[in-house]
Amino acid sequence: MSERDGESFRALAENCGYVPALRREEADLVVVTTCCVRESAENRIMGNIGQLSRWKAERPGRLLAVAGCLVQQEGALENLRRRAPHVDIWIGAFEQEKFTDLLQAGGGSAVYPSPLRAGPAREPAPLAELGKISAAVNIMYGCDNHCAYCVVPQVRGPERSRAPQDVLEEITSLAAAGAREVVLLGQNVNSYGRAEGWREDFAWLLRAAARVPGLWRVRFTTSHPRDLPEALIAAAAEEAAVCPHFHLPLQSGSDRVLRAMNRGYTAAYYLERVGAIRRALPEARISTDIIVGFPGETEADFAETLRLVREARFSQAFTFMYSRRSGTAAADMPGQVPRPERRERLQRLTEAQAEMSLAWRRSLVGFRQEVLVTGPSKKNAALLSGLTAGREITVFPGREADVGTLVPVLIKEVNSWTMFGEIIR
Ligand code: SAH
Ligand code: SF4
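Colleague: Which parts of the structure should I look at to understand the site of ligand 1?
Modeller: By nearness alone, 15 residues border ligand 1, and Arg 38, Gln 187, Gln 251, Asp 289 and Ser 323 come closest of all. At 2.8 Å from a nitrogen atom of ligand 1 is found a main-chain nitrogen or oxygen belonging to Ser 323. Expressed as a share of its isolated accessible area of 540 Å², the protein-covered part of ligand 1 is 90%. Put simply, the parts of the chain that give the shell around ligand 1 at least two residues each are β11 (285–292) and β12 (316–321). Class assignment for the residues of the shell around ligand 1 results in seven nonpolar, four polar and four charged.

Colleague: What exactly am I supposed to notice about the side chain of Arg 361 here?
Modeller: Relative to the helices and strands, Arg 361 is located in helix α13 (residues 339–362). Buried and unpaired, Arg 361 has no salt bridge, with Glu 392 as the nearest side chain of opposite charge at 5.2 Å. Engagement of the side chain of Arg 361 in a polar contact is seen with the backbone oxygen of Trp 417, the distance being 3.3 Å. Look past the residues within four positions of Arg 361 in its chain and what remains in contact with it is Glu 392, Val 414, Asn 415, Ser 416, Trp 417, Thr 418 and Met 419.

Colleague: Help me understand the environment of Glu 299, please; the structure alone is not making it clear to me.
Modeller: Relative to the helices and strands, Glu 299 resides in helix α12 (residues 299–312). In the structure, Glu 299 is positioned 21 residues away from Phe 320 in sequence and 16 Å away in space, judged by C-alpha atoms. Ignoring anything within four residues of it in the chain, the contact list for Glu 299 reads Arg 345 and Arg 348. Reaching out from Glu 299, the side chain makes a polar contact with the side chain of Arg 348 at a distance of 2.8 Å.

Colleague: Honestly, the layout of surface pockets in this entry has me stumped. Any pointers?
Modeller: Unfilled space is identified by rolling a water-sized probe across the atoms. Approximately 720 Å³ is the volume found for the second largest pocket. Around the second largest pocket sit 23 residues that line it, and Arg 10, Ala 21, Leu 29, Val 30 and Val 31 are the ones nearest its centre. Mapped onto the lining of the second largest pocket, the elements with two or more residues apiece are α1 (2–15), β1 (29–34) and α2 (39–58). Top element by residues in the lining of the second largest pocket is α1. It accounts for six residues.

Colleague: Would you take a moment to explain the packing of aromatic side chains for this structure?
Modeller: Aromatic ring pairs are defined here through the distance separating the ring centres and the angle between the ring planes. In this structure the tally under the stated criterion is nine aromatic pairs. Centroid distance Phe 9 to Phe 99: 4.9 Å. Interplanar angle 75°. Geometry classified as edge-to-face. A residue pair is termed long-range when its members are at least 10 positions apart, and Phe 9 in helix α1 and Phe 99 in helix α5 (residues 99–105) qualify at 90 residues. Like Phe 9, the residue Phe 99 is buried in the burial classification. Geometrically, the ring pair formed by Tyr 265 and Tyr 270 is tilted, given 6.1 Å between the ring centres and 40° between the ring planes. Neither Tyr 265 nor Tyr 270 differs from the other in exposure class; each is buried. Put simply, the rings of Tyr 149, Phe 294 and Tyr 322 touch in pairs and so form one group of aromatic residues. The ring of Phe 320 carries the charged tip of Arg 38 above its face, separated from the ring centre by 3.6 Å. The side chain of Arg 180 reaches across the aromatic face of Trp 216, ending 5.3 Å from its centre.

Parameters at a glance
- Residues numbered from 1 in each chain as written.
- Chains lettered and ligands numbered in written order.
- Predicted model: local features only at pLDDT ≥ 70, side-chain atom pairs only at ≥ 80, totals over all residues.
- Heavy atoms only, no water.
- Near = heavy atom within 4 Å.
- Polar contact = N/O pair within 3.5 Å; in protein donor to acceptor, adjacent residues only side chain to side chain.
- Areas by Shrake-Rupley, 256 points an atom, 1.4 Å probe, with all protein chains shown as cover.
- Helix = DSSP H or I, 4+ residues; strand = E, 2+ residues; numbered from the N terminus.
- Nonpolar A, V, L, I, M, F, W, Y, C, P; charged D, E, K, R; others polar.
- Buried < 20%, exposed > 50% of the residue type's maximum accessible area, 1.4 Å probe, protein only.
- Lys, Arg positive; Asp, Glu negative; His and termini not counted.
- Salt bridge = Lys/Arg side-chain N within 4 Å of Asp/Glu carboxyl O.
- Contact = heavy atoms within 4.5 Å.
- 1 Å grid on protein atoms, 1.4 Å probe; cavity = no way out; pocket = protein on both sides within 12 Å on 5 of 7 lines; lining within 4 Å.
- Points joined across faces, edges and corners; volume = space filled by probe spheres on them.
- Phe/Tyr/Trp six-rings, centres within 6.5 Å; stacked < 30°, edge-to-face > 60°.
- Lys NZ or Arg CZ within 6 Å of the ring centre and 35° of its normal.

This is the structure we're talking about:
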């Protein structure tokens, strides 16, 4: 989502006559898009912004803008201004449309006054001209859930969906400009159009997106496990262009912790949903997010998470150490887990999942996978790189003309991160 925000700012800057710089030293403008969902992200961003003070001092007239969640946090702007006085433009999560004015004025700030009210549900900039093979499309903003650890509803506001015709128009123009894959983005895509009371639900939108001419693949993220509907599983199973991949954040395998997190499902219910996906789509990839060290999490709770990780056979898991976010329900809960313990659990969880990811990838060796070729491999420009329907990065020899096409690849070797193979010609 932050990447998509960055693309909007790039498009808005291009409308004002800027052109992309290849290196930071050549740039006249840098926009930093921020995320405050975890403390580590916040610290890294503050470090990056600090380093940019040298870049700014090197040439007069350079502009530094900081955008996104960090700026939107309640009362954050004053503190941020003090910590980073060299920043010219501050822009909150709802105010992207004001970027052009601030850019032309050469500085200033725009932060939505009350993040609890709904901000706009439209994109500030069309992106078709970026000509990406795989493009992200926001279908909704904000979140109406109250997961006890999460700051997103505070900084991104209540849930609001973009009108189906706006989403489909954007996808159509992306496909006309050469996009072959789109990733539909929302904090919980399952509830698309629910707050608005629309007849068009997410399963409908997914089917409509899958039929846009020129588009080969449609992905989506994130689905809340609590309300993953049968109609969505059916749409994924029946529409050839929909990738058989569900990102279904688990967060914890312990019912006690799930209840404290206010997630609204049990471990057994989660596994039942995983089963429903696998029954309809035996080749489906299921990836997840997991938090370790939520307040009150005991060693026994953590063991349940490890057990579920082994049982669910995730193709990939994003694993996080719980971080305390002010203003969330969990921030004041008793039983905050000391950092060394959180770190140790994270290590064990990451190792367990690495084994599972490798086992999953090994099971693909000797099989053919359709790969969307995205460009030369980052590590070795003589090879091509692409993505399977399950978003596994796959590297293989090929020709420049293969870029932007879908090729059948025989998988020969894998490690935890990458698969290697050969095109079947
Ligand atoms: N809407 C998505 C997730 C958005 S945040 C969903 O419901 O799944 C992405 C991930 O960050 C979450 O799934 C969670 O695993 C993690 N996360 C959110 N808040 C966190 C916190 N305070 N500490 C650690 N991880 C957190
Ligand atoms: Fe945060 Fe929960 Fe909303 Fe996801 S569903 S953004 S974790 S509050």
